[in-house]
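Inside the fold
Residue-level listing of the chains:
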Amino acid sequence: MAAQGQRTPAPAWIVTGPTSGIGRYAALELAQHGIVVLVGRDPDKLKGVEAEINSRTGGHAVSVICDFSDIPSVRRAAAQIAALGLPLAGLLNNAGVMPNRVEKNPQGWDLAFTTNHLGPFALTEALIPQLPDHANVVFTCSSAEDPDCKPAVTVGFRGARYISAEASTRGEWKPGGSSNPGFDAYATSKQGNLATVLAFAREIPRLRFFAVEPGFNPGTGLGRDASPALKFLAKYVLSPLAPFIKHWSTPKRAARLLTKALTTQSQASGVYYDDNGKPMLGSVQVRDPAFSDRVVAETRVLLAQIPRHTR
């Protein structure tokens, strides 16, 4: 409690992937609610968003460099966030990639699975002791994990193809998956996010965990390795159409939804919200507590194999 005459410190909100698309707009939205801790891999882009927030009246942001495809980098970032000594209020796990081809990180692990699931999982576990009771943790998820989601199936997804956490790092998926390179990795990684939310909600009742499906956002930087022609099409043709198409959205609209989930005072936990902010269901598989608990347990075993003290 602040001493008499002293101001209560502003709450600090952690946002990953804040330099483009949904994450950038979420960071700008959250600047209205307190301090923003920007966590991303590009120092120059982080400084740009930080300067934009700090130039506003009452705005304050700090940056922490983190490569979510590199678990030691994630752990260093978590330690740096804790060392800031800020009154942390919530964590938005938004960073993610959707490669159009099979890619590996320097360790040889599948890039999408590591960046989208293992990195955010490691950051969340490291920061849980730093978060106060009733703080919110939000994951940006995707209905691509559900093989029964018709819009996702229409564009080529076949749902998550999870075998095990270790198999996922090798880029091995259950048969019957997508013909599009990278789609199985992305869908499986997003199922890992949702499984984490559902399992942590049961396991850690002092915090509140939420998942958000932001809708299809052609204006994001998710497909950063797409061709110039496809990027042009997404930005100048598809993005303007998004507000008029069901299950499509815009980065600004999705950011408002994520900000609402992160700052809500709701006592619920383990809720999955659709692009309209209404509760939705994930796949039959991920809704099975035994399955989501297995994903979390296997993820922990896998991450425990990575030395904690590395340069």
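Look up a bit, the structure's there.
Positions within a chain are numbered from 1, following the residues in the order the chain's sequence is written. In view of the model being predicted, local features appear only for residues whose pLDDT reaches at least 70, and side-chain atom pairs are presented and counted only at 80 or more, with totals across whole chains, interfaces and linings using the full set of residues. For side-chain calculations, the full set of non-hydrogen atoms in the structure is used, while hydrogens and water are omitted.

As for the packing of aromatic side chains
Put simply, two rings from Phe, Tyr or Trp (the six-membered ring, in Trp's case) pair if the centres are within 6.5 Å, and we call them stacked under 30 degrees between planes, edge-to-face over 60, tilted for the rest. Inspection of every chain in the model, using the stated rule, returns 7 aromatic pairs. With a centroid separation of 5.5 Å and 75 degrees between ring planes, the pair formed by F200 and F209 is classed as edge-to-face. Side by side, F200 and F209 carry an identical accessibility label, which is buried. Here the aromatic cluster, defined as three or more aromatic residues joined through ring pairs, consists of F121, F200 and F209. With a 1.4 Å probe rolled over the protein chains alone, any residue whose accessible area is under 20% of its type maximum counts as buried; one over 50% counts as exposed, and the rest are partly exposed.

Things to note about the pairing of strand β1 (residues 12-16)
The element β1 is largely enclosed, with a buried count of 5 among its 5 residues. Neither face of β1 is left uncovered, since the one carrying A12, I14 and T16 and the one carrying W13 and V15 both have all their residues buried. Pairing analysis gives 4 bridges linking β1 to strand β4 (residues 88-93), with the strands arranged parallel. When the bridges of β4 are listed, A12 appears paired with L88. Only runs of H or I of at least four residues qualify as helices and only runs of E of at least two qualify as strands under DSSP, and these elements are numbered from the N terminus. Following DSSP output, two strands are said to pair if at least two bridges run between them.

Observations regarding the side chain of S142
Relative to the assigned elements, S142 resides in the loop between β5 (136-140) and α5 (150-154). Separated by 3.1 Å, the side chain of S142 and the backbone nitrogen of A144 make a polar contact. Residues count as neighbours in contact if any of their non-hydrogen atoms are within 4.5 Å of one another. Excluding residues that lie within four positions of it along the chain, S142 makes contacts with Y186, K190, E213 and Y272. Polar contact is the term for a pair of N or O atoms within 3.5 Å; when the atoms are in protein, one must be able to donate a hydrogen and the other to accept it, and sequence-neighboring residues count only if both atoms are side-chain atoms.

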